[in-house]
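For reference, the chains in residue letters:
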Amino acid sequence: MSYAFKDFHWANDIRVNEYLLPKTTAEALEMLAEYKGQAQVVSGGTDVIPKLRKRELEVEALVDISRLPGMSDIKQKGDKIILGGLVTHARTVASLLIREKAGVLAEGAARVGSPQIRNMGTVAGNLASGHPAADTSMPLLALNASVTIASTEGERVVDLPQFFQGGNQTAADSRREIITQISFSALGKNQGCCYLRLSKRRALTIAILVLATVVDVDPDEKTIRDAAIAIGPVAPMPFRARDAEEILKGAPVSKEIVERAGDAAYKESTPESSVVWGSDEYKKEMVKVFVRRGLYKALKRAGCPVA
Amino acid sequence: MSTKTHDHKQIKTLTKDKPDLQGLIKTSQMSPSVVGKSIVRTDALSKVTGKLAFGADYSQEGFLHGKILRSPYPHAVIKSIDIEKAKNLSGVAAVLTAEDVPGRNGFGAIIPDQPVICGDKVRFVGDGVALVAAETEKIANQALELIKVEYDLLPPVFDPIEALKEDAPKVHEKGNLLSYNKLRKGDAEKGFAQADVIIERTYKVPFLDHAYLEPDICMAIPQVDGTMLVEGPMQAPFTVRRNINAVLGVPINRVQARQISMGGGFGGKEDSPIDLGCRAAVLAHHTRRPVRIALEREEVTLQTCKRHPMTMKIKIGAKKDGSLVAFEGVIYDEQGAYASLGPVIPPAGGSHIHAMIMMSGPYEIPNVKIDAYLCFTNNPYGGAMRGFGAPQVHVAHEQIIDELAEALGTTPFDIRRRNGLREGSATATGQVLDQSVGLHDTLESCAKAFDWEKKYQDTGYVNEEKTKRRGVGIGMGWYRTSIGTNNDACGANVYVHEDGTVLLSTGITEMGQGSFTVLPQICAEELGVRVEDVRVARPDTDAVPESGPTVGSRSTTLMGNAIILAARQVKKSILEMAAEMLMVPLTRLESRDRRIYDRDNPDTVLEFREAAARCMANGKRLIGQGWWAPPAPSLDPETGQGNPYFVYTYSTHMAEVNVDMETGEVEVTDYVAAFDVGKAINPKALEGQIEGGVAMGLGYALTEEVAIENGYIQNLSLRDYLIPTSLDVPDIKPIILEVENKFGPYGAKGIGEMPNLPATPAILNAIANACGGRVRDLPADPEKVYWAIKEAEIPLD
Amino acid sequence: MKEMEIQFQLNGCDVCVDVPSDTLLVDLLRDTLGLKGTKTGCREGECGACTVLLDDIPVNSCILPAFKVEGRSVTTIEGLTKDDGRLDPIQEAFIQEGAVQCGFCTPGMIMNAKALLGKDPHPEEGKIREAISGVQCRCTGYQKIVQAVKSAGQKMDSTR
């Protein structure tokens, strides 16, 4: 095994040469382009700054996008909800729109870090960390959200499953690109959602397991039209339990089907063991429990509880 | 091994043995006017305004910044070290290796076995192999990176039991067994023969980090006369001084150690200031400039001492009626890489000895046999942490007593009521407790406040889905006041000025526990002034009498007595002067609340300051020096029998928890903690000690563990070393009981460490009561509880 | 290393200062501006001892680039004491309730309490615990801190 100097020595500084405060997105993108990958986008800074201090991230410049116009709002356009790239966790939690139409995201954002972290940290930043257990990634993944990414080449829209690339990498290269917005369909009638989190303590800690689920039911037939189940960290990136979802689609609401979904999610999860955050075996067992609990709660909220 | 039995009657009881040490408590028939009051902390104002300066808040003007190059390997020989590039970096003032240490290249609280700079080999990940001082921290960091070290790896050992094997890699040349001690009371074998029920269990506890909020910092400032001044947060300035003087190769009087305000210590800042102090001093010695070493949080976790991990094997036997008859225990205490505070300090000091003495719990057991091994490994090193040696064994004895109760078909409450220590009981060391034994009072009052009877019946599922179960648990405990060593003593100086104000000068440090409030209270009470009239001098080895370290829950009791003795010397002059001035016989005078008056005729009165001024004007003594040592500790090295500590504090905790049966998550929902403290000098400050201690015990039970893989700590920062947050700690209801300690100031005994000891097992027992599974290898995090539930496979209602 | 000028309001006073690009707010406050009441315990936003208010919202100043305060207002623990030395009711309550032990987390605790009581002077215990959950305390077990925040709210209300 080889070890780096930074594994045993720490500094109190973040070692960047320039701090840039662009006024427009175009200006920001140009600044990034000029630095040719040696500059990093920073918004709330809650993820980037600690990484710089620990030398887990080394760049020459920071491009602070937090004052770019038009990216701090939460809006509804038709049945779509649009979350600006600069919306903080605290704003998300406080938004009536999100609480009513995407409760699972509000529940997830409420569990990020601490009040101070939620005041600065953004949902887009949480996504961009690529962390397989990020608290808002799972809700957005279950909501089938898509991300708009701006670069000097223009804008593109990436659906979340493709956004996450594993190993804390995402489709948005935060040394060249900016996430300008996140959009997803508002939840409506006959839809229900649930966010669950397992952790060693109740604040200031990453989760052992995070689950977000969204279900769409036919209340008359008592069947599940559609279901989305996102779990982390059970794979190198935020994970959709597709096998479990397939079992649920079109199936009648029943205890048995929920159990089967849990078992399927158990089988398709491949968590890693960690001496601090628990064994793979335990996390897999918890996947089963969480999928079951998440579905019960989401189905109840959708108006179609398991009898 | 010796099976010699020991007649405990040979050990004299302390109160009969040492009548001369009593009587410090009451000076007048009147109720105290300052002691026993919840006076606000003397430092609270400066803390709520942010004005109080901690180490990092001191000016850095003119300071060089010191940094330590650390070993990346747990066990290796240093083949070569190349410092040329680092030396040539602009702004670097010194790059030092082992040969640059001017005196002894070793420090340690007891045995100086830890190199200031490693020369031949490294023994843990984080061992210091070179020191750098530079104009800025950035340059110092760059310089560190330029040093090239070549290592030859040695096979490491990470387990204390493995370390004792013949062919285990040797951490130190003398071998891996640092200390072995034993305790033999009665005849364990015969005891077990009388038992109707015998159970055997093994319990394990991990390394724990103090996680004080203030990272360590130290400043070494060479003085013009050649003295080395070392400043920093430190619990033991005198120990720091005696290490630095040897490391610099100068006499003791050429080193001055000064304590500055401390952002928490919990025992950890007994060791770490020795480490940083020696290293900063060596850098300052070479550069002749002030040097500052400030650790980052991760470095604090990596480099400084931890609570010792232990593996504890126990066999316990009882009769059908629930009375305990025999106890047999083995302790494997992991010291880690260096001796630190671990080894024996005669007669009864040392990590494994403290653990051994307390291992069978606050219970009267006629036959006890314990063997305690303290072993070196290539892990980080163990030091003192709030209860030195005792939190570990509380985890063991309080759990096995519950497990035994279950096997006997009795209750956790009844088995404790039957066997708990009372006045007249003999402890495992044969010490007959002849005074201040309030254990049963704590048990009864805790049960009442907690509503134990009802809650114990009312367990089971708490929700409709039948996923959560409630349970309750008891943790009983005891803890010494003092450290059990022959040199355990305290000195205090009391200076009364001509305006009636007072300077109190002691070596006891303030780390948040409140000694700078409680000690002046005792001083003010004794002199008859107000607490605001007493200023506490900053502990400075140049200016205060030797007081030993601020550890072992000793400050209030030992120093309190020294202060009373010092104050009496001054008070004598003042009252003599007042007698003259008031023309009243000395024996009738009373000093209280800044006034001296005739007890028989209270209108005959004089201001305290008038008498003080007259003393000054007439050359009468206004300085007092008190010195107090507790009754001498004893412990026979062959039998482990004796009076190791002169008094104990007792406690009972009761916890209620909810356990999620499907995930293993635990929530502590109710908590009562009762203590016999002798006398509460400042009840509110005392409550604060209790509440904070319970929170720390909760962390030990549920979340905390320094996770080490092959010598590498996996959770160096506060985001993965998890202490309880405000959302994890329940409402805690403290109960304070006062069973007078005849050796204590106003009857007081120690409380600093005690509160965290019973908290951990109370919660563990509650978990077991709730879910049927028991975690014997801490911490009881959700995963461990989950597997314990699976393993238990108990049919639940 | 580039330097830039920042203007902001600090404890009610206008401040204009040149700072290097890599400056974090906590270092600007402590080293450049001499306000040492704000503490650093971890430098990664975990311990919360560095909490200050940014436009009345609590943030961790140890992970906040200094340039983020441009044109905004910052309140530190020093800003809570009035010019004549009068204390904020929260500071008063921390003293009276015995909520202070080592004092290292105290400024961070008080700043979070300040933000909470500014919005809601009668918070329930759960809300108080939530509001201070981003500040770690190793000494008190949080009990007296929660009590102090509660009693400060009551006091602020009665003097309103």
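Residues numbered from 1 in each chain as written. Chains lettered and ligands numbered in written order. Predicted model: local features only at pLDDT ≥ 70, side-chain atom pairs only at ≥ 80, totals over all residues. Heavy atoms only, no water.

(A) Geometry of the overall build of chain A. Scanning chain A from N- to C-terminus turns up 12 helices and 14 strands. A compact globule built from 307 residues would reach a C-alpha radius of gyration of about 19 Å, and chain A, at 20 Å, matches this within 12%. Counting only residues that meet the buried cut, chain A has 62% of its 307 residues in that class. Looking at chain A alone, contacts between residues at least 24 apart form 61% of all its contacts between residues at least 6 apart. Total accessible area on chain A is roughly 11700 Å²; 48% of this is exposed by carbon and sulfur atoms. Looking at charge distribution, chain A has the averaged site of its 41 positive side-chain charges lying 6 Å from that of its 37 negative ones. (Helix = DSSP H or I, 4+ residues; strand = E, 2+ residues; numbered from the N terminus. Rg over C-alpha atoms; globule rule 2.2 N^0.38 Å. Buried < 20%, exposed > 50% of the residue type's maximum accessible area, 1.4 Å probe, protein only. Contact = heavy atoms within 4.5 Å. Areas by Shrake-Rupley, 256 points an atom, 1.4 Å probe, with all protein chains shown as cover. Lys, Arg positive; Asp, Glu negative; His and termini not counted. Charge placed at Lys NZ, Arg CZ, Asp CG, Glu CD.)

(B) Up close: the interface of chain A and chain C. Between chain A and chain C, the contact holds 29 residues from the first and 35 residues from the second. For chain A, the biggest contributors to the area lost against chain C are A:Tyr19, A:Gln116 and A:Leu204; these three give 26% of the whole. Close ionic contact of A:Lys54 with C:Glu44 constitutes a salt bridge, the shortest N to O distance being 2.8 Å. Those elements that place two or more of their residues in the side of chain A that touches chain C are β1 (18-20), α2 (48-53) and α6 (115-120) of chain A. (Buried area = accessible area lost by both parts, 1.4 Å probe. Salt bridge = Lys/Arg side-chain N within 4 Å of Asp/Glu carboxyl O.)

(C) Representation of the packing of aromatic side chains in the model. All names here are of chain B. If you walk through the whole model with that rule in mind, you get 21 aromatic pairs over all chains. Between Tyr 180 and Tyr 373 the ring centres are 4.9 Å apart and the planes differ by 35°, which places this aromatic pair in the tilted class. Here Tyr 373 lies in strand β16 (residues 367-376) and Tyr 180 lies in strand β7 (residues 177-185), a separation of 193 residues in the sequence. Its relative accessible area of 28% is what places Tyr 180 among the partly exposed residues. (Phe/Tyr/Trp six-rings, centres within 6.5 Å; stacked < 30°, edge-to-face > 60°.)

(D) Expanded view of the interface of chain B and chain C. The partner chain C presents 45 residues to the 52 residues of chain B that form the contact. Note on chain B versus chain C: buried area summed over both sides is about 3900 Å², and carbon and sulfur give 53% of it. Summed over the shared surface of chain B and chain C, the number is 9 salt bridges. Here B:Asp57 and C:Arg30 are joined by a salt bridge, their closest N and O atoms 2.7 Å apart. The tally of links between chain B and chain C comes to 25 residue pairs in polar contact (both at pLDDT 80 or more). Looking at the side of chain B that touches chain C element by element, the count peaks at 8 residues for helix α18 (residues 683-702) of chain B. The class makeup of the residues in the side of chain B that touches chain C is 25 nonpolar, 12 polar and 15 charged. (Polar contact = N/O pair within 3.5 Å; in protein donor to acceptor, adjacent residues only side chain to side chain. Nonpolar A, V, L, I, M, F, W, Y, C, P; charged D, E, K, R; others polar.)

(E) Up close: the domain arrangement of chain A. According to the domain assignment, chain A contains domain 1 (13-64), domain 2 (74-185) and domain 3 (191-301). Computed from C-alpha atoms alone, the centre-to-centre distance between domain 1 of chain A and domain 3 of chain A is 36 Å. (Domains from an automatic or database assignment.)

(F) Seen up close, the domain arrangement of chain B. Residues and elements named next belong to chain B. Partitioning chain B into structural domains gives domain 1 (32-52 + 489-628), domain 2 (62-154 + 216-294) and domain 3 (306-484 + 635-792). Distance from the C-alpha centre of domain 1 to the C-alpha centre of domain 3: 36 Å. The partner domain 3 presents 25 residues to the 25 residues of domain 1 that form the contact. Roughly 1700 Å² of surface becomes buried between domain 1 and domain 3 when both sides are summed, with 64% attributable to carbon and sulfur atoms. Of all residues in domain 1, Gly 552, Ser 553 and Thr 557 give up the largest surface area on contact with domain 3, accounting jointly for 30% of the area buried on that side. Taken together, domain 1 and domain 3 are joined by 11 residue pairs in polar contact (both at pLDDT 80 or more). Broken down by secondary-structure element, the contributors of at least two residues to the side of domain 1 that touches domain 3 are α15 (515-527) and α16 (555-582).

(G) Representation of the sheet that holds strand β5 (residues 73-75) of chain C within the structure. All names here are of chain C. Strand order across the open sheet formed by 5 strands is β2-β1-β5-β3-β4, with mixed pairing between neighbours. Each edge of the open sheet carries a strand with a single partner, namely β2 (13-20) and β4 (57-60). Across the sheet, the axes of successive neighbouring strands diverge by a mean angle of 40°, strand direction being ignored. Here strand β1 (residues 3-10) pairs with β5 via 2 bridges, running parallel. Considered in β5, the bridge of Gln 9 is made with Ser 73. Contacting β3 (51-54), β4 and β5, helix α3 (residues 106-119) crosses the sheet at an angle of about 30° to β3. (Pairing = 2+ DSSP bridges. Axes fitted to C-alpha atoms, helices over the stretch in contact; angles between N-to-C directions.)

(H) Examining the state of the cysteines more closely. Residues and elements named next belong to chain B. Within the structure shown, the criterion is met by 0 disulfides over all chains. Of the cysteine sulfurs around Cys 118, a residue in no disulfide, the closest is that of Cys 278, at 13 Å. Overall, the relative accessible area of 3% leaves Cys 118 in the buried class. We note that Cys 218 lacks a disulfide partner, and the nearest cysteine sulfur, in Cys 278, lies 8.9 Å from it. Given a relative accessible area of 2%, Cys 218 falls into the buried group. (Disulfide = S-S within 2.5 Å.)

(I) Up close: helix α1 (residues 25-32) of chain C. Residue and element names in this part refer to chain C. Counting buried residues in α1 gives 6 out of 8 residues, a clear majority hidden from the surface. Turning to α1, its buried residues number three or more, namely Leu 25, Val 26, Asp 27, Leu 28, Leu 29 and Arg 30. Where α1 is buried, its residues contact β1, β2 and β3. Directly after α1, the chain includes Gly 34, whose backbone phi takes a positive value near 75°.

(J) Molecular detail of the confidence of the model for chain B. Residues and elements named next belong to chain B. Of all residues in chain B, 96% attain a pLDDT of 70 or more, and the chain-wide mean is 95. Scored below 50 in pLDDT, residues 1-9 shows 18 contacts in the model against residues more than four places distant or in partner chains. Under a pLDDT of 50 for its full length, residues 22-27 has, in the predicted model, 20 contacts with residues more than four places off or in other chains. (pLDDT = per-residue confidence, 0-100.)

(K) Looking closely at the pairing of strand β26 (residues 623-628) of chain B. All names here are of chain B. Burial along β26 is one-sided: the face carrying Gly 624, Gly 626 and Trp 628 is buried and the face carrying Ile 623, Gln 625 and Trp 627 is not. Sheet topology note: the strand β20 (residues 490-496)/β26 ladder contains 6 bridges and is antiparallel. Bridging from a neighbouring strand, Tyr 495 pairs with Ile 623 of β26.

(L) A look at the pairing of strand β6 (residues 146-151) of chain A. All names here are of chain A. The element β6 is extensively covered by neighbouring structure, given that 6 of its 6 residues are classed as buried. Residues Ser 146, Thr 148 and Ala 150 point to one face of β6 and Val 147, Ile 149 and Ser 151 to the other, with burial holding for every one of them. As paired elements, β6 and strand β7 (residues 154-159) share 6 bridges and run antiparallel to each other. Residue pairing in the sheet places Ser 146 in a bridge with Asp 159 of β7. Judged from the 5 bridges that link them, β6 and strand β10 (residues 178-185) form a sheet pairing that is antiparallel. Bridging across to β10, Val 147 finds its partner in Ile 182.

(M) Summary view of empty space enclosed by the protein. Residues and elements named next belong to chain B. Throughout the structure, instances matching the rule amount to 6 cavities of 30 Å³ or more. In this structure, the largest cavity is lined by 13 residues; those nearest its centre are Leu 433, Asp 434, Gln 435, Phe 646 and Val 647. Broken down by element, the lining of the largest cavity gets its largest block of residues, 3 residues, from strand β27 (residues 647-660). Per-class residue counts for the lining of the largest cavity are 9 nonpolar, 3 polar and 1 charged. (1 Å grid on protein atoms, 1.4 Å probe; cavity = no way out; pocket = protein on both sides within 12 Å on 5 of 7 lines; lining within 4 Å. Points joined across faces, edges and corners; volume = space filled by probe spheres on them.)

(N) Spatial organisation of the environment of B:Val157. Residues and elements named next belong to chain B. The residue Val 157 is located in the loop between β6 (148-153) and α5 (160-163) in this model. By relative accessible area, Val 157 is classed as buried at 5%. In the structure, Val 157 is positioned 619 residues away from Arg 776 in sequence and 23 Å away in space, judged by C-alpha atoms. If we ignore the near neighbours within four places in the chain, the residues touching Val 157 are Glu 162, Ala 163, Pro 169, Val 171, Asn 176, Thr 377 and Asn 378.

(O) Here's a closer look at the sheet that holds strand β11 (residues 255-259) of chain B. Residue and element names in this part refer to chain B. Spatial strand order, β3-β5-β1-β12-β9-β10-β11: 7 strands in an open sheet with mixed pairing. Two strands lie at the open edges of the sheet, namely β3 (92-96) and β11, each paired on one side alone. The sheet shows a mean angle of 20° between the axes of neighbouring strands, direction not considered. One ladder, built from 6 bridges, connects strand β1 (residues 64-70) with strand β5 (residues 128-134); its direction is antiparallel. Looking at the pairing, Leu 69 lines up with Ala 130 of β5.

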